[in-house]
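Now for the letters of each chain:
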Amino acid sequence: MERGSDLTWRRVTSGGTGSSILSTVYDLPSIPWLSKSQVERHLQIISVLQWVLSFLALGVACTVILLYIFCTDLWLLAALYVAWLVFDWNTPNKAGRRSLWVRNWAVWRYFRDYFPIRLVKTHNLLPSRNYIFGYHPHGIMCLGAFCNFGTEATGVSKKFPGIKPYLATLAGNFRMPVLREYLMSGGICPVNRNTIDYILSKNGTGNAVVIAVGGAAESLDCQPGKNTVTLKQRKGFVKIALQHGADLVPVYSFGENEAYKQVVLEEGSWGRWIQRKFQKYVGFAPCVFHGCGFFSADSWGLVPYANPISTVVGEPITVPKTDQPSQKDVDLYHGMYMTSLQKLFDKYKTKFGLLESDVLEFH
């Protein structure tokens with residue numbers, strides 16, 4: 001590489017994603033078969049893969065390791081950690097223990113740039129109010145939701161000053177050693193009533209609980225090219241919003257369903273029956289999906305496909321505080337929410353790669 005182009009490359013990367021990591025890589029002895037762009041791309045893939053593996057296996061792996069340590073001479077360390085778990089058990093239900101340092105890791109900026117993922121603001125949010133964001137669609141792993149609201153990679157705190165997002169996920173994840181600490185550091189919390197009540201009533205204002213409303217049921221139907229949300233009978237989040245006077249904010253993530261390809265099992269099949277049982281008793285549904293391989297987009301693997309994900313945060317719906325909302329009240333604001341989500345989808349669909357003829361289906 002000539003000196004002129006060398007300096008140009010340094011200038012380009014000095015203000016870009018993970019510049020400190022790239023600078024370190026640059027100072028290493030040159031590898032003739034690996035260009036700088038290839039190094040950056042592999043760092044992006046690694047950043048995405050580490051999160052996917054953490055989400056799928058970190059909790060189980062750490063549980064097994066903890067049990068193994070109990071059978072060794074280091075059993076005291078395991079016992080101390082278990083004692084800490086007992087002492088700290090309710091922390092996730094009280095807004096967790098977020099770390100701005102973790103949320104600002106350079107690895108999340110690599111994660112963002114792999115797809116890429118971006119956060120689109122359409123309206124201002126008042127720090128004097130609390131909010132419930134309804135995130136759609138769920139996709140396989142809510143990758144857009146995690147990047148936008150579980151990290152600072154897309155600048156959520158700068159775009160919505162005074163607003164603190166709490167991404168809600170399965171409560172079972174917070175019973176897993178180490179995984180619970182990892183999730184809480186990003187401001188992720190359990191998606192249960194006690195936690196949401198605490199955040200919206202005892203944690204001041206400027207809080208935004210982000211809920212993938214469709215949940216596991218929606219994940220079973222997600223596939224590329226399909227714009228379907230499970231929402232018609234999902235009214236619990238509206239009732240909570242009314243009880244706390246928290247404004248409802250529709251959020252649609254264009255490209256979320258394109259991250260993985262899924263084998264959608266037919267209703268009535270044994271596979272679908274098993275998925276439904278898992279969904280009912282465990283809280284999640286085991287999906288049959290695949291992405292691409294680490295070294296090739298043409299092979300199968302766990303790395304999601306590098307398709308853009310654009311998360312659009314819509315206009316807030318002002319919700320009055322009603323201690324005991326009637327079913328009529330819930331239905332009214334649920335209808336307003338569905339209409340607002342529909343308008344959001346229709347307004348931005350062509351801007352983010354869909355056709356004017358594409359429609360949003362409600363299940």
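Just so it is clear, the structure is predicted and the values come from calculations on it, not from any experiment.

A. Just the overall build of the protein chain, in detail. Counting its secondary structure elements, the protein chain contains 14 helices and 12 strands. Computed over the C-alpha atoms, the radius of gyration of the protein chain is 22 Å, within 12% of the 21 Å expected from 2.2 N^0.38 for a compact globule of 363 residues. Structurally, the protein chain occupies a C-alpha span of about 70 × 60 × 50 Å along its principal axes. Across the 363 residues of the protein chain, 47% fall into the buried class.

B. Layout of the packing of helix α3 (residues 36–70) against helix α6 (residues 106–114). Where α3 meets α6, the axes come as close as 8 Å, and the angle between the chain directions of the two elements is 105 degrees. By the angle between their directions, the pair α3 and α6 is classed as roughly perpendicular. Each of E40, R41, L43, Q44, I45, S47, V48, Q50 and W51 in α3 lies in contact with α6, whose residues at this interface are V107, W108, Y110, F111, D113 and Y114. Class assignment of the residues belonging to the contact of α3 with α6 gives a composition of nine nonpolar, three polar and three charged.

C. A look at empty space enclosed by the protein. In the structure shown here, the tally under the stated rule is two cavities of 30 Å³ or more. Here the largest cavity is characterised by a volume of approximately 60 Å³. If you go around the largest cavity, the residues you meet are W51, V102, W108, F146, G150, Y182, L183, S185, G186 and I188. When grouped by side-chain class, the residues that make up the lining of the largest cavity number seven nonpolar, three polar and no charged. Approximately 40 Å³ is the volume found for the second largest cavity.

D. Spatial organisation of the sheet that holds strand β10 (residues 300–301). Pairing is antiparallel across the open sheet formed by three strands, whose spatial order is β8-β9-β10. Edge positions in the sheet fall to β8 (261–262) and β10, since each has one partner strand and no second. With two bridges connecting them, strand β9 (residues 289–292) and β10 associate as antiparallel partners. Paired with C292 across the strands is W300, a residue of β10.

E. Highlighting the packing of aromatic side chains. Per the stated rule, a full pass over the model turns up 24 aromatic pairs. Ring geometry for W105 against Y182: centres 6.4 Å apart, planes inclined by 40 degrees, an arrangement best described as tilted. Of this pair, W105 sits in the loop between α5 (100–103) and α6 while Y182 sits in helix α9 (residues 179–185), placing them 77 residues apart in sequence. Note on W105: relative accessible area 28%, which makes it partly exposed. On the basis of relative accessibility, which here comes to 18%, the residue Y182 falls in the buried class. Taken together, a centroid distance of 5.1 Å and an interplanar angle of 80 degrees make the contact between W108 and F146 edge-to-face. Taken together, the residues span a long stretch of sequence, with W108 in helix α6 and F146 in helix α7 (residues 143–149) at a distance of 38 residues. According to the relative accessible area criterion, W108 is buried, its value standing at 3%. According to the relative accessible area criterion, F146 is buried, its value standing at 4%.

How each quantity is defined
Residues numbered from 1 in each chain as written. Predicted model: local features only at pLDDT ≥ 70, side-chain atom pairs only at ≥ 80, totals over all residues. Heavy atoms only, no water. Helix = DSSP H or I, 4+ residues; strand = E, 2+ residues; numbered from the N terminus. Rg over C-alpha atoms; globule rule 2.2 N^0.38 Å. Buried < 20%, exposed > 50% of the residue type's maximum accessible area, 1.4 Å probe, protein only. Axes fitted to C-alpha atoms, helices over the stretch in contact; angles between N-to-C directions. Parallel < 35°, antiparallel > 145°, perpendicular 65-115°, else oblique. Contact = heavy atoms within 4.5 Å. Nonpolar A, V, L, I, M, F, W, Y, C, P; charged D, E, K, R; others polar. 1 Å grid on protein atoms, 1.4 Å probe; cavity = no way out; pocket = protein on both sides within 12 Å on 5 of 7 lines; lining within 4 Å. Points joined across faces, edges and corners; volume = space filled by probe spheres on them. Pairing = 2+ DSSP bridges. Phe/Tyr/Trp six-rings, centres within 6.5 Å; stacked < 30°, edge-to-face > 60°.

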